[in-house]
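Architecture and fold: a report
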Amino acid sequence: MLSRTADHLFWMNRYTERAENTARLLDVNYQTSLLPQSEAVALAGWQGLLSISELLLSYRDKHGDIRAKEVMDFMVKDESNPSSILSCLGAARENARAVRGTLTTEVWETQNQTWLEVKRMIKNGEFEQDPAQFFEWVKFRSHLSRGVTVGTMLMDEALHFMRLGTFLERADNTARLVDVKFHAVESDFYGTANEKDQEYDFYHWSAILRSVSGFEVYRKVYRDVIRPERVAELLILRSDMPRSLHASLNEVVSNLRMVANDQSVETHRRAGKLRAELQYGRIDEILATGLHAYLTQFLDRINDLGACISRDFLVPMPG
């Protein structure tokens, strides 16, 4: 397969997944902001959201002080922000257009329709009228895109590059979410004796689980009250949780295997090593050595993996 084609397919899916993850993060923050909380806590939530996405500096350059409405606008519809939902869906569509001949009609139509529809919705002010509904729509279009891809594409290299893009992006986003949300809890890590704090903790962790469609999954797996260390275990180590780091790495490794070439031996080794650490890791050990340090290192390794995949298969990055 031409490296340029592989590059477009890989990034088409990365951008679609990024739009979905941004919608999930904004949704959880929007829902938590409706709970009774101090202004400082609410502000920290929005700031954390910008930090997660590495957008704090570019936001401050443009808007200065952090205000909920401006953060939402910046991350949803600001075309000067390459990570906004609008920018991501536009970039996904452009990548799809470039490889129109490689895609099935259904995959192309889904990408194109999503782009036309999101522009119409934003123009008509539908996002402002009901942010939660808008975020649900973005998630639904991403699910639709994945389903149509798996349901109609030939199971060849094109599909494997698309899947690689999806799961590399998902691993990155889940790690960022866990990192910033664990940082946000200022009360004692295992909850506090104070009843009001315990109630806040419950809503905080419930919101995080809902943001990765993990609330029902948590109940099914643990049948217990929501405890922070178990939320971390579910989102990091459980291979049967679709958005966990372990599940994402399983997909990255198996799709890498399918497209392997002479140059990719080292990339495959690094991905396999990272996956093995998740496979045999234990949450108490991770927490003992420090969750933040663990996730920071994980993100570095995921970025490194992305760079290695680009070097081995895709269009070389401009030096």
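Coordinates for the structure precede this section.
Figured I'd write up the structure that's included with this text. (Residues numbered from 1 in each chain as written. Predicted model: local features only at pLDDT ≥ 70, side-chain atom pairs only at ≥ 80, totals over all residues. Heavy atoms only, no water.)

1. Re the overall build of the protein
Across its full length, the protein carries 16 helices and 0 strands. Taken against the 2.2 N^0.38 rule, which gives 20 Å for 319 residues, the C-alpha radius of gyration of the protein at 20 Å falls within 12% of a compact globule. Considered along the principal axes of its C-alpha atoms, the protein spans approximately 60 × 50 × 40 Å. For the protein, the residues scored as buried account for 53% of the 319 residues in total. Partitioning the contacts of the protein with sequence separation of at least 6, the portion at a separation of at least 24 is 66%. Of the roughly 15100 Å² of accessible surface on the protein, a fraction of 52% belongs to carbon and sulfur atoms. Seen as two clouds, the 39 positive and the 45 negative side-chain charges of the protein have centres 4 Å apart. (Helix = DSSP H or I, 4+ residues; strand = E, 2+ residues; numbered from the N terminus. Rg over C-alpha atoms; globule rule 2.2 N^0.38 Å. Buried < 20%, exposed > 50% of the residue type's maximum accessible area, 1.4 Å probe, protein only. Contact = heavy atoms within 4.5 Å. Areas by Shrake-Rupley, 256 points an atom, 1.4 Å probe, with all protein chains shown as cover. Lys, Arg positive; Asp, Glu negative; His and termini not counted. Charge placed at Lys NZ, Arg CZ, Asp CG, Glu CD.)

2. Some thoughts on the pattern of salt bridges
Considering all chains together, one arrives at 31 salt bridges under this definition. As a salt-bridge pair, Glu169 and Arg14 come within 2.8 Å of each other at their nearest N and O atoms. Of this pair, Glu169 sits in helix α9 (residues 157-184) while Arg14 is found in helix α1 (residues 3-33), placing the two residues 155 residues apart along the sequence. Here Glu169 and Arg14 have matching classes, each one buried. Between Glu94 and Arg93 there is a salt bridge, with its nearest N and O atoms 3.3 Å apart. A relative accessible area of 17% places Arg93 in the buried class. Taken together, the shared-partner salt bridges in this structure form one network comprising Glu17, Glu20, Arg24, Arg146, Arg170 and Arg243. (Salt bridge = Lys/Arg side-chain N within 4 Å of Asp/Glu carboxyl O.)

3. Observations concerning the packing of aromatic side chains
In the structure shown here, the tally under the stated rule is 10 aromatic pairs. Taking 4.8 Å as the distance between ring centres and 45 degrees as the angle between the ring planes, the aromatic pair formed by Tyr218 and Tyr222 counts as tilted. Of this pair, Tyr218 and Tyr222 both sit in helix α11 (residues 215-222), separated by 4 residues, roughly a single helical turn. Grouping residues by exposure puts Tyr218 and Tyr222 together as buried. Three or more aromatic residues joined by ring pairs form one cluster here, namely Phe127, Phe134, Phe135 and Trp137. Between Arg210 and the ring centre of Phe215, over which it is positioned, the NZ or CZ distance is 3.9 Å. (Phe/Tyr/Trp six-rings, centres within 6.5 Å; stacked < 30°, edge-to-face > 60°. Lys NZ or Arg CZ within 6 Å of the ring centre and 35° of its normal.)

4. So, the side chain of Asp78
Assignment of secondary structure puts Asp78 in the loop between α4 (68-76) and α5 (85-98). Apart from the residues lying within four places of it in its own chain, the contact partners of Asp78 are Lys62, Asp73, Ser84 and Ser87.

5. Remarks on the packing of helix α14 (residues 265-280) against helix α16 (residues 291-313)
With their axes 9 Å apart at the nearest point, α14 and α16 run at an angle of 155 degrees to one another. Considered as vectors, α14 and α16 are oriented roughly antiparallel to each other. As for the relative orientation of α14 and α16, their crossing is left-handed in sense. Here α14 contributes Thr267, Arg270, Ala271, Lys273, Leu274, Glu277 and Leu278 to the contact with α16, which in turn contributes Tyr294, Phe298, Arg301, Ile302, Asp304, Leu305, Cys308, Ile309, Arg311 and Asp312. (Axes fitted to C-alpha atoms, helices over the stretch in contact; angles between N-to-C directions. Parallel < 35°, antiparallel > 145°, perpendicular 65-115°, else oblique. Left-handed = near helix turned anticlockwise from the far one by under 90°.)

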